[in-house]
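So you can see what is in the structure, the chains are spelled out below.
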Amino acid sequence: MFKKQWPAFVLAFVVPLLAVFWWWGGFNSVSVTETEAGPYRYAYLDYDGPISNLRKSHRTALNHFTAAKVAAGDTISVILTDPRAADGKVRAQLGYTLAENAPIPNGLKEGRIERRPVFAAEVQAAVLLAPSKAYQALSDTLEARGLAIVMPTVELYRPAGQANRIGRFTLEMNR
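In this report, we go over the structure that sits alongside the text. This is a predicted model, so every value here is computed, not measured. (Residues numbered from 1 in each chain as written. Predicted model: local features only at pLDDT ≥ 70, side-chain atom pairs only at ≥ 80, totals over all residues. Heavy atoms only, no water.)

1. Considering the layout of surface pockets
As a reminder, the rule being used: Only protein atoms enter the calculation, which uses a 1 Å grid: trapped sets of points that fit a 1.4 Å probe without letting it out are cavities, open sets showing protein on both sides within 12 Å along at least five of seven lines are pockets, and any residue with an atom within 4 Å of a point is a lining residue. Grid points are joined across faces, edges and corners, and a volume is the space filled by probe spheres set on the points. Strands here mean DSSP runs of E at least two residues long; helices mean DSSP runs of H or I at least four residues long; both are numbered from the N terminus.
By volume, the largest pocket is sized at about 850 Å³. Around the largest pocket, the lining is made up of 31 residues, and of these L54, R55, V127, P131 and E155 lie nearest the centre. The set of elements that each furnish at least two residues to the lining of the largest pocket consists of α2 (54-68), β3 (75-79), α3 (130-144) and β7 (153-158).

2. What about the pattern of salt bridges?
Put simply, the test is: By salt bridge we mean one thing: a side-chain nitrogen of Lys or Arg within 4 Å of a carboxyl oxygen of Asp or Glu. Accessible area is worked out with a 1.4 Å probe on protein chains only. A residue is then buried under 20% of its type maximum, exposed over 50%, and partly exposed in between.
For the coordinates displayed, the defined rule picks out 11 salt bridges. The closest approach of N and O atoms between E34 and R145, which form a salt bridge, is 2.3 Å. In this pair, E34 sits in strand β1 (residues 31-37) while R145 sits in the loop between α3 and β7, placing the two residues 111 residues apart along the sequence. On the accessibility criterion, R145 (46% relative accessible area) is partly exposed. Between E100 and R112 there is a salt bridge, with the nearest N and O atoms lying 3.0 Å from each other. Of this pair, E100 sits in the loop between β4 (89-97) and β5 (109-113) while R112 sits in strand β5, and the two are 12 residues apart along the sequence. On the accessibility criterion, E100 (55% relative accessible area) is exposed.

3. Let's talk about the sheet that holds strand β8 (residues 168-174)
For the record, the criterion: Strands were regarded as paired on the criterion that DSSP finds at least two bridges between them. The convention used is that axes are lines fitted to C-alpha atoms, helices contributing only their stretch in contact, and that angles between N-to-C directions extend from 0 to 180 degrees. Contact between two residues is taken to exist if any of their heavy atoms lie within 4.5 Å; hydrogens are not considered.
Spatial ordering of the open sheet is given by β1-β6-β8-β7-β3-β4-β2-β5, a layout of 8 strands whose pairing is antiparallel. Of all strands in the sheet, those with a lone pairing partner are β1 and β5, marking the two edges. Each strand of the sheet is rotated relative to its neighbour by a mean of 30°, with strand direction disregarded. Here β7 pairs with β8 via 6 bridges, running antiparallel. Within the sheet, the bridge partner assigned to E155 lies in β8 and is L171. Against the sheet, α2 makes contact with β2 (40-50), β3 and β4, and its axis sits at roughly 30° relative to β4, the strand it touches most. Contacting β1, β3, β6 (116-124), β7 and β8, α3 runs over the sheet at an angle of about 40° to β8.

Spatial relationships are all this shows, so hold off on functional conclusions.
Below, the structure written as structure tokens:
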């Protein structure tokens, strides 16, 4: 009986899943380069908890920007500790980049990262999918050189600005 129904199963379930994965950038390649990055000025909240809850703190930071009527730039996450070492828990600074002359919204701290040499992994993908792709590509590249990912890392996400477009995620690790 299943042999007769497999085309319907593929059309009803597999094809839509593959289409969503493609739309989210799941098949997009990650480029890993050695470059220079920064400087960055950003406003952030300190975070200490499960890596799965980072987005809630980003939303809280964005609410501070909105209340202060300050333009928020790219999403920035400075991941200070390795989630693999603490059962998925991290210490991080979560917020948004700021223009040089913009005020710091109330309730947020100011952070700065100077220009520095980095390994950078870039991918155009949905914000939920991009970090895993970028970290895996960076890990593979570093492993081939006898190196490993070292914290802290800086994650930047620049939305595309359109609902039907996927943004650009950049992962940076100091060289």
